[in-house]
Structure formats: structure tokens, C-alpha cells
Amino acid sequence: MSWRRALKDTARSGLAVEKTRLEPLVAVRGAAGLAIVIAVSLWAFGPVAAASSAFGAFQAAIATFQRSWRPRPELALASGTSLAVSTFLAYLTVSYEPLFLALLVAWTFAAGMSWAAGPTIGLIASSNVAIMLVTVTLPTSVAQAAGHAAMMIVGGVVQAALIVLFPVRRWGAHRDALADALAAEGDYARRLRHDPLAAFDPLPLMEARNAAAVTPRQARRRPAELHGARGLAERIRPVLASLADPATGVPAEGRARDRVRELLGAAAAVLDAAAHAIRHGEPVTVPPAALAAFRTPDTGSILTGRPYRAAARLNTLLKDVVETAGGASPQGREEARAQLPEPGGRRPAAASHRPRSRPTFLGLVPVALKAMREAFRRGSPVVRHATRVSVVAATGYVLGSWLPLGHGYWAPLTSVMVMRPDFSQTYSRAVARLGGTVVGVAVATAVVRLADPGTYLSGTLAVVCAGLMYLLMRTGQFAAQACIAAYVVLLLGMGGEEWNQTVPERVLLTLLGGLLAMLAYAVYPAWETPRLRTRLADWLATQGRYADAVFGAYADPARRSVPDVREALLAARTARAAWHAAVARATAEPVRHRGLSRTAADDAEDALAHLGRVAMLLEAHLPERGATPVPAAAAFAEALRESTQHGAKAIRERRIPTWDAVRTALTTWETTETAGGGKPGEPGESGGISAPGETGETGGISEIGETGGIGEATTPDNDQFVREAARRVLDALIELSEALDTAVAPMTLDGTAAASEGASPQRPDGPRKPDGPRKPDGPQSPNEPQAPDGPREPNGPRKPNGPQKPDEPRAPNGPQSPNGPRKPNGPRHP
């Protein structure tokens, strides 16, 4: 992306006003706390002390609006106290400019490093440094500085007390996180009806997991409906995918597919009802149509094998979800128990209600220090941000003091407020701050000139502006910055400054600070684009560990460890989230792709998503401890783990990974099975997966009982199921290598791909035909047109690959890459 396009996109993003849910009661509470502090300070100490204390209360209220699972009263106290300490220390050195500059650099560098501990701590620390530059100019003696610092602490105490005395939606953020997770799964079930391979973003589940971590004190007070539902939601997701995926036995069309669509629609309705009940703290009311779908006795005659088992498990899990979500009252819980039918088979183990442990607020201090220490290394983006922001703050302060405008702190204040560790946020916030400052200053100046307010009216108008800022904070930076600009003008006017002493200098110095911030990122950037390969390699390594854990569970069911599978899944999710965040940042950066184009990144993401989906489908049917083991899966799991680790290293080193060990393990597995009397892709004498709509000789399905519940199926043979999944895993890995191989194969005179040194080993199922034209490399904007082939459609089940023959011709010796001539992939899921 060019610099012109990047600046245009970031400017549009900064000036955009988003539609979001407003929280007027929270805004009124924050404004009321600010009004109390200003009124008491005016009565006891005068306008100047009132301005200092108002900044403390203002910042404390802002801290409580940040997305954090911490108790918000403690955030207000921490913000007010840290601002008081910063202001007092700065006043002690402000008379000695070199010493003050040294303190400013050290304080700003520490605030920049605090982003390693999370965005909430980073934002509070950066805001404290910015506001300190204003409040340090208000006292005139050490005693006054101490008094102003004390009033800032009082402002934080007042905001914390109001949060405790007048709570608004207590546990509201936790309710929203859990409800969003259930609603996301309901939407996923609804999309699976039309697209059996629909993608699922696990971010809502990750947010719900973060919200579920509570302190011991919170655990004793947490509402009953917030216990256990997240674990059930985690278990529902693979069951939904298993029920819909044609690879597990349900044909793409027919009576069985219609029945699956009906069950998925009913599951979506149940999950939506549970999400609504948890969000609002109400009893669950399940739609009658959803109840009828699960009570019909026809399921046993339509679905067989693994689809039937998935339907039975889904019925059980949904009943548990409704039962848990109805825990707002005893009556609601009893109503929830009676709504869904009792399953005829065994219930899976109940979800654990033991809360996830979370350190107390003081216990976060060593955690934050550890994160900062780990980020303090050469080349770290956080270190580059801290260095950049500290140098810009010192430069802005020197330039502001040198210019004949007065109040030179506006320039470093703007720089510190707008600078973030990534490019897009820094530039969009700089544009938003400049535009919001012009609008806010213009409106506040017009009000001051027309109304000529005195001290008390200026304070009242400042409180109104602060309340509007609290209300509109989540709608975008432009509206928030306009309210902040008007608030500062009115508050300093209450302290005795004339509007003509504030307006021109604030606009010009704000422009200077924003330009310094933007120039600093251009001169000393921390681009995300060059790190895309590292993010992709991390995702591949974690996906490999996850798949290895799942295959290992089938290899030895007696020794399988569900926590191992769970931890591997969580690590893979974290790596996936880091990859998506990196791609989003890289898309807005005005730099070249440096080896990983937008097309290659999209194709590699599809391949790794397919690998994770195969592992998830296996996880949905993990065998019981007494099930028959699949010994060949152990060798495949070992080869998969080692190959993905080597493949991750190859990606970091800009090489194309190869999968010879995985292919060899699969070939050995299939050869052994063939020698044992079966054919690859078909069940052997020992029993395999029955064809859709039929019942195998060793794995029948029990009929639904008279009550209409879904019964339990006899455990089917796992060897064929796991071997088919292994083939799909190898396909996904080969597709990953093909995505990363951007070299164009030489062409012969007849237009076919020539066999040369660059030819690559073929897939197990034979060579591919050449693809059509690819999209050009290079970063692309989301607004650019798509490739000529249009959007992709979901693909059906993959055909089983046959074993590779020993005498199959290979490419000539020489440097090889994993891709070769392709045949069209056909439509894929997005």
C-alpha cells in the first residue's frame, strides 16, 4: 500500500463515528463524581486547586471505561494515585529544565513499556504522563503541589466510591462476554445449515474465558448463571461442526442433511435464548419449535453412526446450557430443566464449576513487571514504541518551550496521547485529535465569548463536556477529542486563563505534536508486515501440537489427557488471534510485503484453518478410555509434531516447508491396513465407519426411546475415521507449502508446466493441473476488487487419497519446493 493510500485510510478511520451502544447512566455517574470534586475544591481551596482535582477525577473516570475484567473502583484509585505521584515529582523538578526533561523521558519510556502488560495499563500510564504536563503548571509552591496531588487522589476516591455505591450493570461486562460467546455459536449453527464448512471466529470464546477468571472474592459473589456455561459453549462448538461436516457421514443432500439442518436451526434458537437470558439476567424461554425438533422420534431412523452420536451429544449439551442459564432464580432453573428432553444415553461429565483463578489487583504488579521485563529486548515492538514516544515527548517539549506561543506542553501532550505501538492507531488518532481539537476549541470559544461565564458557570460547562465525552467515548476518537478540547478550555478558563491565551496555541501546538508523532513513526517504525512470517510460523507450530495431542488421544485412549488437548487448543487460538491482529495491522501499513504477499497470506490462512478444523472434528469424537486404540496414529502424531516444528522454522527462514515424514507415516499406515485385509478408504474386516444412512456390522445405533430423547450409539471403529483425518491433514499441509511457494513454474511451448529443477514432489493422489492466473503479489486494500474467480463457495467432503506407490515417478533431483503442477482445488470454504 502506498503512503498516500495509507494516510487516506487512517484519516478516514480517525474521523469516523461508529454506532455503538451508549451507557448514559455510567456517563452521568462519572460526570457527577467530577462535579462533586470540582464543587468541594472550589469551596475549600479555590479555582486553581479545583482545576487540578478535576483533572484527577476526570482521568479516574476515564480509566473505569477501559475494557478490563479488573474491579473498576480499583482502576479509579490506581489512576488518581498514579497521576498525583507523577504531578508531584514533576513539580519538584520543573524549575530545572534538564532534570525535568530527564524525568519526562524516563516517565514516558516507562509508560511506553507498560503497553507490554496490556492496553488498559498502557492507556492509563500514557494518559497520566499527558495530563501531568498540564497539572504541573498549576501549583506555585511545593506545599501547593502536595495539596493538588492530594486532591487528585481524592478525585479518584470519589469516583471509586460512586462505583461502589451506585453500580450500573454489576457483572455486566462478564454477562456480555458470555452472552456474546453463546450468540456467536448460535450464529455459527445457523450458518452451518447452508455452509457445512463455515468458518468460526473463536474470539468471543477467548473473551468469555478471560471474563471467567475471577478473584476468590469475586467467585463468592458471581451470579449462578455465569458458572459453567462457558465450558459448555466450548464443548458445543466441535459438536456443531461434526454434525454438519459431510466428512463425518452426512451426505451433502438428502433426508439426513435436511434433518441435520433442522437440528442446527433448533440449536441456534436454544443458544440465542440462553444468550438473551444471561445478558439480561432473566429465565430462559426456549422457542417451542426448537423443543419439537429435539423431541421428534425420527432422528434414530434418519441419522446413524457419528452424526447420530453428535446429535445426542448436542442435545445433552444444550440441555446443560439451558439449565445453567436459567440459574438466575430457583424457578428459572426448574423451568429450564423441564424444557429440553432428557437424552436416552449417558450424559457426558458435567462441566466443572470451579472458577478460573485470577490474581488480585495488587497481585497484578509482579505480573505487569514480568511482562515488561520480557518485552525489554532488542527489536521488540514495545521497546521501539517506548523509545519513540519518549524522544518525541522531549523534542516536543523543547520545541514548544522555544516557540513564542506559551504553554509549550500542548505539543508533547498531543504526541503522548496519540502515539500507539502500531502505525494505523497512531496516524488515525493524530488526525482525530487535530480535527476534534479544532471543533472542540471552536465550540468552547464561541460559548465563552457569547456567555462570558464566570468561575462556577465555566466549571458547570466543563462537567457537561466531560459527561458528553464519557457518553460518546466508544463512538470514535473524533467525538471524544472534541469533548476533551472543550473541557480543557473551559476548565483552564475556570482557573483564570483567558480564551485568547489558550485557543491559538492549543491548535498550533496540537498540530505540531501530531506531526511529530507521525514523523517519528515514519522515521523509526515498528512495521508488522516483516513479522507476518513469524506469526504464521507460530500458528503452524501450535496447530501442529494441537493436532498431535488429538491424534495421540486416539493412539492410546487409556493414557489420553484431555487437559493436554485443551491447553494445545488454547495455545493455537492465541497464535491465531496474534496472526489475525498482525494481518489487520499489516494491511494498513505503507510497506511492501517482503516475501509474504496478501494472496499468499490468505491461502496460508485457509490451509492452517483447515488443519485446525480437521483436528477439531477429531476432538469432537475423542474415544473413551476403554475404546480400541489406533496404534498407527501414534507414529503419525509424532511425525506431525516434528514436521510442523521444522516447518515453522523453515517459514521463519523464508524457506518452503516439506512434509516427507508426514507423508511417509501416512503411507506406512495405509500400507499396513491394506496388508491386513482392507483397502485404503474402505472399512476392513475389523469394522469401520458405516456409510451414511446405514448401520455397520459392529457399530449400530440404538433407537430413540419412547420419551423422544436421543439415545446413545454403539462406539464405532476409529481407525478409518482417524486415517481419513490424517489424509486431510496432509492435504492441508501441502496446501500451506503451495501457498508459500510463489515462484512461477516454467512453461513449455504447448502451455503446460515444464518438469525442471524447480518441480516439486506431488501430492499423494497424483499430479495437479496448472492453476489459472493468480492475483498479483503485494499488499492489497480490502476495497480492491477480488480475483476474477469471484468469491469461493464451500466445498464438499474431500475424496480419500490413495497410498503413494513406491514406484511413482518423482521430480528430477535438485532444489525442490513442495508445490508442483496443480489441478484446480475447486471451491473452498472461506
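### Thoughts on the overall build of the chain
Check the secondary structure of the chain and you find 29 helices and two strands. Taking the contacts inside the chain whose residues are at least 6 apart along the sequence as the reference set, 83% of them involve residues at least 24 apart.

### Regarding the pattern of salt bridges
Throughout the structure, instances matching the rule amount to 25 salt bridges. A salt bridge links Glu638 to Arg641, with the nearest nitrogen and oxygen atoms 2.2 Å apart. Linking Glu638 with Arg641, this pair stays in helix 27 (residues 632–652), spanning three residues, or about one helical turn. On the basis of relative accessible area, Glu638 is assigned to the partly exposed category, the value being 32%.

### A closer look at a positive patch on the surface
Taken together, the side chains of Arg170, Arg217, Arg220 and Arg221 make up a positively charged region of the molecular surface. Locating Arg220 in the fold gives a position in helix 10 (residues 216–221). For Arg220, a relative accessible area of 66% translates into the label exposed.

### Focus: the packing of aromatic side chains
Following the criterion strictly, the structure yields 14 aromatic pairs and no others. Relative to Tyr487, the ring of Phe58 lies with its centre 4.4 Å away and its plane at 15°, an arrangement referred to as stacked. On the criterion of sequence distance, the pair formed by Phe58 in helix 3 (residues 47–64) and Tyr487 in helix 22 (residues 477–494) is long-range, its members being 429 residues apart. Look at Phe58 and you get buried, because its relative accessible area is 5%. An angle of 55° between the planes, with centres 5.6 Å apart, marks the rings of Phe423 and Trp527 as tilted. Placement of Phe423 in helix 20 (residues 423–451) and of Trp527 in the loop between helix 23 (503–523) and helix 24 (532–555) is noted, with a sequence separation of 104 residues between them. Overall, the relative accessible area of 1% leaves Phe423 in the buried class.

### Section: helix 8 (residues 172–192)
Helix length check: helix 8 (21 residues) gives 30 Å between terminal C-alpha atoms against 30 Å at 1.5 Å per residue, within 8%. Counting buried residues in helix 8 gives 15 out of 21 residues, a clear majority hidden from the surface.

### Some details on the confidence of the model for the chain
The predicted model of the chain has a mean per-residue pLDDT of 77, with 78% of residues at 70 or higher. Contacts for the low-pLDDT stretch residues 678–715, under 50 throughout, to residues beyond four places or in other chains number 83 contacts. Confidence over residues 744–830 falls short of pLDDT 50; this stretch has 148 contacts with residues more than four positions distant or in other chains.

### Here we look at the nonpolar core
In terms of nonpolar packing, the biggest core is built from 117 residues, with Leu240, Leu303, Leu314, Phe551, Phe636 and Leu736 touching the most fellow members. Contact partners of Leu303, with chain neighbours within four places excluded, come to Val250, Ala256, Arg259, Val260, Leu263, Tyr308 and Ala311. Grouped together as the second largest cluster of nonpolar side chains are 85 residues, Tyr91, Val158, Ala394 and Tyr397 included.

### What about a nonpolar patch on the surface?
A cluster of nonpolar side chains, namely Val85, Leu89, Leu92 and Val142, defines an oily patch on the protein surface of about 300 Å² accessible area. Sorting elements by how many residues they give to the nonpolar patch places helix 4 (residues 72–93) first, with three residues. Note on placement: Val85 falls in helix 4. Here Val85 falls in the partly exposed class, since its relative accessible area comes to 41%.

### Considerations on helix 24
Over its 24 residues, helix 24 extends 34 Å from the first C-alpha to the last, a length consistent with the 34 Å expected when each residue adds 1.5 Å. The element helix 24 is extensively covered by neighbouring structure, given that 19 of its 24 residues are classed as buried.

### A few points about the side chain of Arg576
Take Arg576: it is sitting in helix 25 (residues 562–587). Exposure remark for Arg576: the relative accessible area of 19% places this residue in the buried category. Of note is the side chain of Arg576, whose polar atom sits 3.1 Å from the side chain of Asp201. In this structure, Arg576 is in contact with Phe200, Asp201, Pro202 and Trp539, ignoring residues within four places of it in sequence.

### Thoughts on unusual backbone geometry
Glycine aside, the phi torsion of most residues is negative, and most peptide linkages are trans. A positive phi angle, close to 55°, is found at Arg169, a residue other than glycine. When you line up the elements, Arg169 lands in the loop between helix 7 (142–165) and helix 8. Residue Arg169 is classed as partly exposed on the basis of its relative accessible area of 38%. Although it is not a glycine, Arg654 sits at a positive phi angle of roughly 65°. Topologically, Arg654 is positioned in the loop between helix 27 and helix 28 (660–675). By relative accessible area, Arg654 is classed as partly exposed at 47%.

### Description of the packing of helix 8 against helix 12 (residues 255–280)
Angle between the axes and distance between the axes are the two parameters that describe a pair of packed helices. It is the contact of helix 8 with helix 12, at a shortest axis distance of 8 Å, that shows an interaxial angle of 165°. For the element pair helix 8 / helix 12, the angle class is roughly antiparallel. Crossing angle aside, the handedness with which helix 8 passes helix 12 is left-handed. Residue-level contacts link Arg175, Asp176, Leu178, Ala179, Asp180, Leu182, Ala183, Glu185, Gly186, Ala189, Arg190 and Leu192 of helix 8 to Leu264, Ala268, Ala269, Leu271, Asp272, Ala274, Ala275, Ile278 and Arg279 of helix 12. Split by residue class, the contact of helix 8 with helix 12 holds 13 nonpolar, one polar and seven charged.

### Remarks on the environment of Leu243
When you line up the elements, Leu243 lands in helix 11 (residues 229–244). Contact partners of Leu243, with chain neighbours within four places excluded, come to Val250, Val260, Leu263, Leu264, Pro307, Ala310, Ala311 and Leu314.

### Considerations on the packing of helix 11 against helix 12
Relative to each other, helix 11 and helix 12 sit at 165°, their axes nearing to 11 Å. Considered as vectors, helix 11 and helix 12 are oriented roughly antiparallel to each other. As for the relative orientation of helix 11 and helix 12, their crossing is left-handed in sense. Of helix 12, the residues touching helix 11 (which contributes Ala229, Ile236, Leu240, Leu243 and Ala244) are Arg257, Val260, Leu263, Leu264, Ala267, Leu271 and Ile278. Partitioning the contact of helix 11 with helix 12 into residue classes produces 11 nonpolar, no polar and one charged.

### What to know about the environment of Leu508
Along the chain, the position of Leu508 falls in helix 23. Through-space distance from the C-alpha of Leu508 to that of Val438 is 9.8 Å; in sequence the pair is 70 residues apart.

### Focus on the environment of Thr672
Here Thr672 is to be found in helix 28. For Thr672 and Ala632, which are 40 residues apart along the polypeptide, the C-alpha to C-alpha distance reads 8.9 Å.

### What to know about the state of the cysteines
By definition, a disulfide is the covalent link that joins the sulfur atoms of two cysteine residues. Scanning the model with the defined rule gives zero disulfides in all. Here Cys465 stays unpaired: no disulfide links it, and the sulfur of Cys483, its closest cysteine neighbor, is 6.6 Å away. Given the relative accessible area of 11%, Cys483 is considered buried.

Procedures and definitions
- Residues numbered from 1 in each chain as written.
- Predicted model: local features only at pLDDT ≥ 70, side-chain atom pairs only at ≥ 80, totals over all residues.
- Heavy atoms only, no water.
- Helix = DSSP H or I, 4+ residues; strand = E, 2+ residues; numbered from the N terminus.
- Contact = heavy atoms within 4.5 Å.
- Salt bridge = Lys/Arg side-chain N within 4 Å of Asp/Glu carboxyl O.
- Buried < 20%, exposed > 50% of the residue type's maximum accessible area, 1.4 Å probe, protein only.
- Patch = residues over 30% accessible without salt bridge, like charges linked within 9 Å, V, L, I, M, F, W, Y side chains within 5 Å.
- Areas by Shrake-Rupley, 256 points an atom, 1.4 Å probe, with all protein chains shown as cover.
- Lys, Arg positive; Asp, Glu negative; His and termini not counted.
- Charge placed at Lys NZ, Arg CZ, Asp CG, Glu CD.
- Phe/Tyr/Trp six-rings, centres within 6.5 Å; stacked < 30°, edge-to-face > 60°.
- Expected span 1.5 Å × (residues − 1).
- pLDDT = per-residue confidence, 0-100.
- Core = buried A, V, L, I, M, F, W, Y, C linked by side-chain atoms within 4.5 Å.
- Polar contact = N/O pair within 3.5 Å; in protein donor to acceptor, adjacent residues only side chain to side chain.
- Axes fitted to C-alpha atoms, helices over the stretch in contact; angles between N-to-C directions.
- Parallel < 35°, antiparallel > 145°, perpendicular 65-115°, else oblique.
- Left-handed = near helix turned anticlockwise from the far one by under 90°.
- Nonpolar A, V, L, I, M, F, W, Y, C, P; charged D, E, K, R; others polar.
- Disulfide = S-S within 2.5 Å.

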